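# A closer look at the structure
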Amino acid sequence: MPLVTIDVIKDVFTREQKQSLIERVTEAMVSVEGEAMRPVTWVRIMEVEGGDWAIGGQRLAAKDVHAMAGGGS
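Everything numeric in this text was worked out from a predicted model, so none of it was measured. (Residues numbered from 1 in each chain as written. Predicted model: local features only at pLDDT ≥ 70, side-chain atom pairs only at ≥ 80, totals over all residues. Heavy atoms only, no water.)

## Observations regarding unusual backbone geometry
- Of note in this structure, D11 is not a glycine but carries a positive phi near 75°.
- Mapped onto the secondary structure, D11 falls in the loop between β1 (3–9) and α1 (15–33).
- Accessibility expressed as a relative area gives 55% for D11, which makes it exposed. (Helix = DSSP H or I, 4+ residues; strand = E, 2+ residues; numbered from the N terminus. Buried < 20%, exposed > 50% of the residue type's maximum accessible area, 1.4 Å probe, protein only.)

See below:
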C-alpha cells in the first residue's frame, strides 16, 4: 500500500490545485504499480506554516513562493 506525502507551504496552492496534485500523483503511481493498486494508493498533502520552511537559511512564506512563480505577492 503506497503512501505519497507532498509537503507544501500553507496557502501556496488552492483547494483545486491540491485536488489536481492528488489526482495526478495517484495516476502516476497507478501507471507504475498497476490499476489493482488504485484503491490502496494514498496521497496526502501536508501543509507547513509559512516561515517554518527555509531554503539556504532563508525562511519562506506563501508570498515568497508566489513571487518566485511570477505571481507577485
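## Some words on the side chain of T26
- Take T26: it is sitting in helix α1.
- In terms of polar contacts, T26 uses its side chain to reach the backbone carbonyl oxygen of I22, at 2.7 Å.
- Setting aside residues up to four positions removed in sequence, T26 forms contacts with R38 and V43. (Polar contact = N/O pair within 3.5 Å; in protein donor to acceptor, adjacent residues only side chain to side chain. Contact = heavy atoms within 4.5 Å.)

No statement about biological role is implied by the geometric values presented.
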